[in-house]
Every structure is written in structure tokens, then in C-alpha cells.
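Here is what each chain is made of, one letter per residue.
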Amino acid sequence: IGAIFFLSRPEKPVIVDATKLVKEDSNKLSSDSAQLTIVEFGDYQCPACGAAHAPLKQAISEFPGQVNFVFRHFPLAQHKNAQLAAQAAEAAKLQGKLWEMHDKLYEMQTEWDEEGNALEFFQKYATELGMDINKFNTDINADSVKQKISNDMADGSALGVNSTPTIYFNDQLHKGGIGYQDFKTAI
């Protein structure tokens, strides 16, 4: 019986064009003192993004002022409600409730992800978050909301994003699974 051993060198980090990672209108939680910027290209209906949400939120809260977090929309075509969920988040942003809706979409993902009328769930969340429901209903379909998501996706595509979550620590692509320890180590 023989054995074959493959020796490999560690992969070099993939460093990308930072101008494609963070834009002026990107959704950010930021601090001037932060040494680390985490950028996520995410999809609210993606189970892996949903699984990464809690450990990321925990790591950010445990290291206040040390992390900038940037969320970029990348709704995947195979997720039938992902685009509308992204629009719900952007509509919430127009009422100052982006991060509350962001959390709600991930935390309640299994409630709405395969529903035929996910909009009803998003409207319920908007009401629970104290939003003006009439404004939310108008904004969710606004061209500016759809364009923001389209711009995020275009930047992601230019960077080679093809799955979610795609995570960058500063300007370096993180490869492989993602969990609390990965975030903590990066911080």
C-alpha cells in the first residue's frame, strides 16, 4: 500500500480593491477608533448568512469601538424572497431603522424565507419596529431602494462575489466557514 503526500504552501490572502468594498452610501456601523473593517456581502434569505449573523453581532458588541461593520446587499437569484428582504431593509433605513430590520430579517428568517407573500411579514416587522407603514410600503418599491441594492450587487460581482456570506476583514477576503472565533481572531 502506498501513500501520496501533497505539500502545499499556505494561500496568500486575497486583497481586493477597497473602493469596491465600501462606498459612501454603504450601510455601516462605524467608529473612528476601529482598526478592523468587516465587510459582508450578504443575502437575508441565505441560511449561512443567517448562521453568521449571531456570532458577528456578538463579536461586534464585545469589542465596542474596535470594529467597523459594513453590510452590502447580494441577494441570490435562487432565494425567491431575498431581493424583497433587501428592499425591506433599505426601506427601513429611510426611517432610521436599518439595523433593527437587518437583525429582525435574520432572526426571523425561517418565518418568512419560503413564504409566498413575504411582504406581509416585512410589513409586520416594520409595524413592530414603530415605522410609518404607509411610508414603508411606498419606499420598499422605490427606484432608489432598488438601485442601491443593484449597486451593491454590481460591486460584489466586480469583486468576484458569487456566494453568501462573502466576508472581508479590512481588504482581505476571508475564505471558508465563518463563526465567532473567526470574528474574534480578526478583531
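Now for a quick tour of the structure. Predicted model, so just to flag it, every value in this text is computed and none were measured.

## Focus on the pairing of strand 5 (residues 166–169)
Where burial is concerned, the two faces of strand 5 agree: the one with Thr-166 and Tyr-168 and the one with Ile-167 and Phe-169 are both buried. Alignment of strand 3 (residues 36–42) against strand 5, held across four bridges, turns out to be antiparallel. Each residue of the ladder has a partner; that of Glu-40, found in strand 5, is Ile-167. In terms of strand pairing, strand 5 meets strand 6 (residues 172–174) through three bridges, oriented antiparallel. If you follow Ile-167 over to strand 6, its bridge partner there is His-174.

## Section: the packing of helix 3 (residues 82–93) against helix 8 (residues 143–159)
Orientation of helix 3 relative to helix 8, taken along the N-to-C sense of each, is 115°, at an axis distance of 9 Å. The way helix 3 lies across helix 8 gives a crossing that is right-handed. Facing Gln-83, Ala-86, Gln-87, Glu-90, Ala-91 and Lys-93 of helix 3, the residues of helix 8 in contact are Val-145, Lys-146, Lys-148, Ile-149 and Met-153. Of the residues contributing to the contact of helix 3 with helix 8, the split by class is five nonpolar, two polar and four charged.

Rules and cut-offs
- Residues numbered from 1 in each chain as written.
- Predicted model: local features only at pLDDT ≥ 70, side-chain atom pairs only at ≥ 80, totals over all residues.
- Heavy atoms only, no water.
- Buried < 20%, exposed > 50% of the residue type's maximum accessible area, 1.4 Å probe, protein only.
- Helix = DSSP H or I, 4+ residues; strand = E, 2+ residues; numbered from the N terminus.
- Pairing = 2+ DSSP bridges.
- Axes fitted to C-alpha atoms, helices over the stretch in contact; angles between N-to-C directions.
- Left-handed = near helix turned anticlockwise from the far one by under 90°.
- Contact = heavy atoms within 4.5 Å.
- Nonpolar A, V, L, I, M, F, W, Y, C, P; charged D, E, K, R; others polar.

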